[in-house]
Amino acid sequence: TQLLEQSPQFLSIQEGENLTVYCNSSSVFSSLQWYRQEPGEGPVLLVTVVTGGEVKKLKRLTFQFGDARKDSSLHITAAQPGDTGLYLCAGGNSGGGADGLTFGKGTHLIIQP
Amino acid sequence: GAVVSQHPSWVICKSGTSVKIECRSLDFQATTMFWYRQFPKQSLMLMATSNEGSKATYEQGVEKDKFLINHASLTLSTLTVTSAHPEDSSFYICSARALAGFYEQFFGPGTRLTVL
(Lines give C-alpha, C1' and ligand atoms only; values in the text may rest on other atoms or scores of the structure.)
Protein backbone atom coordinates (compact mmCIF):
# COMPACT_ATOMS: atom_id res chain seq x y z
CA THR A 1 0.00 0.00 0.00
CA GLN A 2 1.39 3.36 -1.01
CA LEU A 3 1.15 6.14 1.53
CA LEU A 4 1.65 9.86 1.22
CA GLU A 5 2.60 11.81 4.32
CA GLN A 6 1.66 15.44 4.10
CA SER A 7 2.89 18.11 6.48
CA PRO A 8 1.99 20.26 8.17
CA GLN A 9 -1.62 19.23 8.67
CA PHE A 10 -2.64 22.68 9.86
CA LEU A 11 -0.99 26.03 9.20
CA SER A 12 -2.15 29.51 10.08
CA ILE A 13 0.01 32.44 9.03
CA GLN A 14 -0.27 36.15 8.37
CA GLU A 15 -0.85 37.63 4.96
CA GLY A 16 2.42 38.30 3.15
CA GLU A 17 4.36 35.44 4.71
CA ASN A 18 5.82 32.51 2.79
CA LEU A 19 5.08 28.86 3.45
CA THR A 20 5.97 25.40 2.25
CA VAL A 21 3.88 22.24 2.34
CA TYR A 22 5.58 18.87 2.04
CA CYS A 23 4.39 15.57 0.64
CA ASN A 24 6.57 12.51 1.26
CA SER A 25 6.40 8.83 0.51
CA SER A 26 8.59 5.76 0.62
CA SER A 27 7.11 4.74 -2.72
CA VAL A 28 7.82 5.99 -6.21
CA PHE A 29 4.95 7.61 -8.10
CA SER A 30 4.72 8.14 -11.84
CA SER A 31 3.00 11.47 -11.23
CA LEU A 32 2.25 13.78 -8.37
CA GLN A 33 -0.66 16.14 -8.37
CA TRP A 34 -1.60 19.02 -6.14
CA TYR A 35 -5.22 19.95 -5.55
CA ARG A 36 -6.98 22.66 -3.62
CA GLN A 37 -10.35 21.95 -2.05
CA GLU A 38 -12.90 24.37 -0.65
CA PRO A 39 -15.44 23.19 1.96
CA GLY A 40 -18.32 21.29 0.38
CA GLU A 41 -16.69 21.19 -3.05
CA GLY A 42 -14.59 18.78 -5.05
CA PRO A 43 -10.81 19.17 -5.37
CA VAL A 44 -9.54 21.47 -8.10
CA LEU A 45 -6.35 20.47 -9.87
CA LEU A 46 -3.49 22.95 -9.47
CA VAL A 47 -0.61 21.15 -11.14
CA THR A 48 0.74 17.78 -12.25
CA VAL A 49 4.44 16.92 -12.07
CA VAL A 50 5.78 13.80 -13.72
CA THR A 51 9.55 14.18 -14.11
CA GLY A 52 11.99 13.78 -11.21
CA GLY A 53 13.37 17.18 -10.26
CA GLU A 54 10.65 19.00 -12.14
CA VAL A 55 9.69 22.48 -10.97
CA LYS A 56 6.49 24.22 -12.02
CA LYS A 57 5.32 27.69 -11.15
CA LEU A 58 1.76 28.94 -11.00
CA LYS A 59 1.87 32.65 -10.14
CA ARG A 60 2.93 32.71 -6.45
CA LEU A 61 2.87 28.92 -6.15
CA THR A 62 5.96 26.82 -6.87
CA PHE A 63 5.72 23.05 -7.10
CA GLN A 64 8.65 20.66 -7.07
CA PHE A 65 8.89 16.92 -7.65
CA GLY A 66 11.76 15.16 -5.93
CA ASP A 67 14.52 13.63 -8.01
CA ALA A 68 13.48 10.13 -6.94
CA ARG A 69 9.78 10.89 -7.52
CA LYS A 70 8.95 10.04 -3.94
CA ASP A 71 8.31 13.51 -2.58
CA SER A 72 7.01 16.89 -3.58
CA SER A 73 6.65 20.36 -2.15
CA LEU A 74 4.38 23.32 -2.62
CA HIS A 75 5.79 26.74 -1.82
CA ILE A 76 3.60 29.84 -1.63
CA THR A 77 5.19 33.26 -1.56
CA ALA A 78 3.48 36.32 -0.15
CA ALA A 79 0.42 34.37 0.93
CA GLN A 80 -2.95 36.06 0.59
CA PRO A 81 -6.28 35.40 2.34
CA GLY A 82 -7.58 33.97 -0.95
CA ASP A 83 -5.04 31.16 -0.61
CA THR A 84 -6.96 29.80 2.37
CA GLY A 85 -8.14 26.25 1.80
CA LEU A 86 -7.31 22.55 1.99
CA TYR A 87 -4.30 21.58 -0.11
CA LEU A 88 -4.02 17.94 -1.12
CA CYS A 89 -1.20 16.10 -2.77
CA ALA A 90 -2.01 12.92 -4.67
CA GLY A 91 0.19 10.31 -6.21
CA GLY A 92 -0.67 8.39 -9.33
CA ASN A 93 0.66 5.36 -11.15
CA SER A 94 -1.24 5.72 -14.36
CA GLY A 95 1.31 4.52 -16.88
CA GLY A 96 -1.41 3.38 -19.21
CA GLY A 97 -3.35 1.72 -16.42
CA ALA A 98 -6.44 2.91 -14.61
CA ASP A 99 -5.33 3.43 -11.04
CA GLY A 100 -7.00 5.88 -8.75
CA LEU A 101 -5.02 8.45 -6.85
CA THR A 102 -3.48 8.04 -3.42
CA PHE A 103 -4.14 11.19 -1.45
CA GLY A 104 -2.22 12.69 1.41
CA LYS A 105 -4.21 13.76 4.46
CA GLY A 106 -4.13 17.36 3.36
CA THR A 107 -2.92 20.66 4.75
CA HIS A 108 -5.50 23.03 6.14
CA LEU A 109 -4.12 26.48 5.36
CA ILE A 110 -5.47 29.69 6.86
CA ILE A 111 -4.08 33.06 5.78
CA GLN A 112 -5.03 35.80 8.17
CA PRO A 113 -5.37 39.33 6.83
CA GLY B 1 -12.89 22.34 -20.43
CA ALA B 2 -12.72 19.17 -18.33
CA VAL B 3 -15.90 19.75 -16.39
CA VAL B 4 -17.40 17.01 -14.26
CA SER B 5 -20.82 17.30 -12.69
CA GLN B 6 -22.53 15.33 -9.96
CA HIS B 7 -26.16 14.98 -9.11
CA PRO B 8 -27.59 15.42 -6.60
CA SER B 9 -25.44 17.88 -4.68
CA TRP B 10 -26.89 16.67 -1.42
CA VAL B 11 -29.39 14.06 -0.38
CA ILE B 12 -31.04 13.07 2.87
CA CYS B 13 -32.60 9.64 3.10
CA LYS B 14 -34.00 7.23 5.65
CA SER B 15 -32.04 4.24 6.85
CA GLY B 16 -32.65 1.19 4.66
CA THR B 17 -33.34 3.07 1.44
CA SER B 18 -31.11 3.20 -1.64
CA VAL B 19 -29.60 6.32 -3.12
CA LYS B 20 -28.21 6.82 -6.62
CA ILE B 21 -25.54 9.42 -7.39
CA GLU B 22 -24.71 10.40 -10.95
CA CYS B 23 -21.35 11.55 -12.25
CA ARG B 24 -21.10 13.08 -15.72
CA SER B 25 -18.19 14.35 -17.78
CA LEU B 26 -19.70 17.31 -19.62
CA ASP B 27 -17.16 18.19 -22.27
CA PHE B 28 -15.02 15.11 -22.70
CA GLN B 29 -15.35 11.37 -22.87
CA ALA B 30 -14.10 9.58 -19.79
CA THR B 31 -12.75 6.11 -20.29
CA THR B 32 -12.23 5.79 -16.56
CA MET B 33 -14.15 7.22 -13.65
CA PHE B 34 -13.29 6.96 -9.98
CA TRP B 35 -15.38 7.20 -6.85
CA TYR B 36 -13.97 8.60 -3.64
CA ARG B 37 -15.34 9.07 -0.16
CA GLN B 38 -14.40 11.84 2.22
CA PHE B 39 -15.27 12.12 5.90
CA PRO B 40 -15.23 15.51 7.67
CA LYS B 41 -11.75 16.94 8.15
CA GLN B 42 -10.24 13.97 6.35
CA SER B 43 -8.74 13.31 2.96
CA LEU B 44 -10.23 11.44 0.02
CA MET B 45 -10.25 7.67 0.02
CA LEU B 46 -10.58 5.79 -3.24
CA MET B 47 -13.57 3.45 -3.24
CA ALA B 48 -13.61 2.04 -6.75
CA THR B 49 -12.47 2.46 -10.32
CA SER B 50 -14.88 2.01 -13.20
CA ASN B 51 -14.15 1.63 -16.87
CA GLU B 52 -16.85 2.10 -19.47
CA GLY B 53 -18.54 -1.15 -20.31
CA SER B 54 -16.83 -3.29 -17.70
CA LYS B 55 -17.23 -4.16 -14.04
CA ALA B 56 -15.87 -1.78 -11.45
CA THR B 57 -12.75 -2.58 -9.45
CA TYR B 58 -13.27 -2.02 -5.74
CA GLU B 59 -10.64 -1.13 -3.18
CA GLN B 60 -10.02 -3.43 -0.29
CA GLY B 61 -12.67 -3.06 2.39
CA VAL B 62 -15.31 -1.55 0.11
CA GLU B 63 -18.42 -3.73 -0.20
CA LYS B 64 -19.26 -4.08 -3.87
CA ASP B 65 -22.79 -5.28 -3.10
CA LYS B 66 -23.45 -2.19 -1.05
CA PHE B 67 -21.87 0.34 -3.39
CA LEU B 68 -23.08 -0.54 -6.88
CA ILE B 69 -21.24 1.20 -9.68
CA ASN B 70 -22.36 1.36 -13.28
CA HIS B 71 -20.39 3.00 -16.10
CA ALA B 72 -22.76 2.56 -19.00
CA SER B 73 -21.39 5.28 -21.25
CA LEU B 74 -18.25 7.35 -21.75
CA THR B 75 -19.87 10.30 -20.01
CA LEU B 76 -21.86 8.77 -17.18
CA SER B 77 -21.09 6.70 -14.13
CA THR B 78 -23.49 6.05 -11.27
CA LEU B 79 -22.95 5.03 -7.68
CA THR B 80 -25.85 3.45 -5.84
CA VAL B 81 -25.65 3.12 -2.09
CA THR B 82 -27.95 0.23 -1.28
CA SER B 83 -29.74 -0.16 2.05
CA ALA B 84 -28.05 2.94 3.37
CA HIS B 85 -27.26 3.28 7.06
CA PRO B 86 -26.14 6.29 9.11
CA GLU B 87 -22.51 5.17 8.91
CA ASP B 88 -22.73 5.59 5.12
CA SER B 89 -23.24 9.31 5.61
CA SER B 90 -20.33 11.01 3.90
CA PHE B 91 -19.18 13.24 1.06
CA TYR B 92 -18.96 11.22 -2.14
CA ILE B 93 -16.81 12.61 -4.95
CA CYS B 94 -16.29 11.26 -8.44
CA SER B 95 -13.49 12.00 -10.85
CA ALA B 96 -12.97 11.30 -14.52
CA ARG B 97 -9.96 10.75 -16.71
CA ALA B 98 -10.10 11.24 -20.43
CA LEU B 99 -7.64 8.67 -21.67
CA ALA B 100 -5.65 5.83 -20.16
CA GLY B 101 -2.09 6.91 -19.62
CA PHE B 102 -3.03 10.50 -18.91
CA TYR B 103 -2.35 11.55 -15.35
CA GLU B 104 -4.92 14.20 -14.65
CA GLN B 105 -8.21 13.40 -12.98
CA PHE B 106 -10.93 16.01 -12.91
CA PHE B 107 -13.24 16.00 -9.95
CA GLY B 108 -16.93 16.59 -9.60
CA PRO B 109 -18.31 18.95 -6.94
CA GLY B 110 -19.28 16.09 -4.65
CA THR B 111 -22.51 14.77 -3.17
CA ARG B 112 -23.27 15.10 0.52
CA LEU B 113 -25.21 12.03 1.71
CA THR B 114 -26.94 12.07 5.08
CA VAL B 115 -28.69 8.92 6.22
CA LEU B 116 -31.11 9.37 9.10
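Shown above is the structure to which this text applies.
Now for a look at the structure at hand. (Residues numbered from 1 in each chain as written. Chains lettered and ligands numbered in written order. Predicted model: local features only at pLDDT ≥ 70, side-chain atom pairs only at ≥ 80, totals over all residues. Heavy atoms only, no water.)

### Overview of the environment of Thr20 of chain A
Residue and element names in this part refer to chain A.
Alright, step 1. Relative to the helices and strands, Thr20 resides in strand E3 (residues 19–24).
Alright, step 2. On the basis of relative accessibility, which here comes to 23%, the residue Thr20 falls in the partly exposed class.
Alright, step 3. Taking the C-alpha atoms as reference, Thr20 lies 16 Å from Ala90; in sequence the two are 70 residues apart.
Alright, step 4. Discounting residues that sit within four places of it in the chain, Thr20 has contacts with Pro8, Ser73, Leu74 and His75.
Alright, step 5. Among the polar contacts made by the side chain of Thr20, one reaches the side chain of His75 at a distance of 2.7 Å. (Helix = DSSP H or I, 4+ residues; strand = E, 2+ residues; numbered from the N terminus. Buried < 20%, exposed > 50% of the residue type's maximum accessible area, 1.4 Å probe, protein only. Contact = heavy atoms within 4.5 Å. Polar contact = N/O pair within 3.5 Å; in protein donor to acceptor, adjacent residues only side chain to side chain.)

### Regarding the interface of chain A and chain B
Alright, step 1. Contact with chain A, which involves 26 residues of that partner, is made by 23 residues of chain B.
Alright, step 2. Counting each side, the surface lost to burial between chain A and chain B is near 1700 Å², with a carbon and sulfur contribution of 57%.
Alright, step 3. Counting across the chain A and chain B interface gives zero salt bridges.
Alright, step 4. Connecting chain A to chain B are five residue pairs in polar contact (both at pLDDT 80 or more).
Alright, step 5. Mapped by element, the contributors of at least two residues to the side of chain A that touches chain B are strand E4 (31–37), strand E5 (44–49) and strand E9 (85–92) of chain A. (Buried area = accessible area lost by both parts, 1.4 Å probe. Salt bridge = Lys/Arg side-chain N within 4 Å of Asp/Glu carboxyl O.)

### Here's the deal with the pairing of strand E7 (residues 61–65) of chain A
Note on strand geometry: in a regular strand, side chains alternate between the two faces of the sheet.
Residue and element names in this part refer to chain A.
Alright, step 1. What you see with E7 is a clean split: Leu61, Phe63 and Phe65 sit on the buried side and Thr62 and Gln64 on the side with no burial.
Alright, step 2. Between strand E6 (residues 55–58) and E7, which follow one another and run antiparallel, lie two residues, and Lys59 among them has a positive phi close to 55°.
Alright, step 3. Inspection of the sheet shows E7 paired to strand E8 (residues 71–76) by five bridges, in the antiparallel sense. Bridging across to E8, Leu61 finds its partner in Ile76.
Alright, step 4. Between E7 and E8, which pair antiparallel one after the other, the connecting turn spans five residues, and Arg69 there sits at a positive phi close to 60°. (Pairing = 2+ DSSP bridges.)

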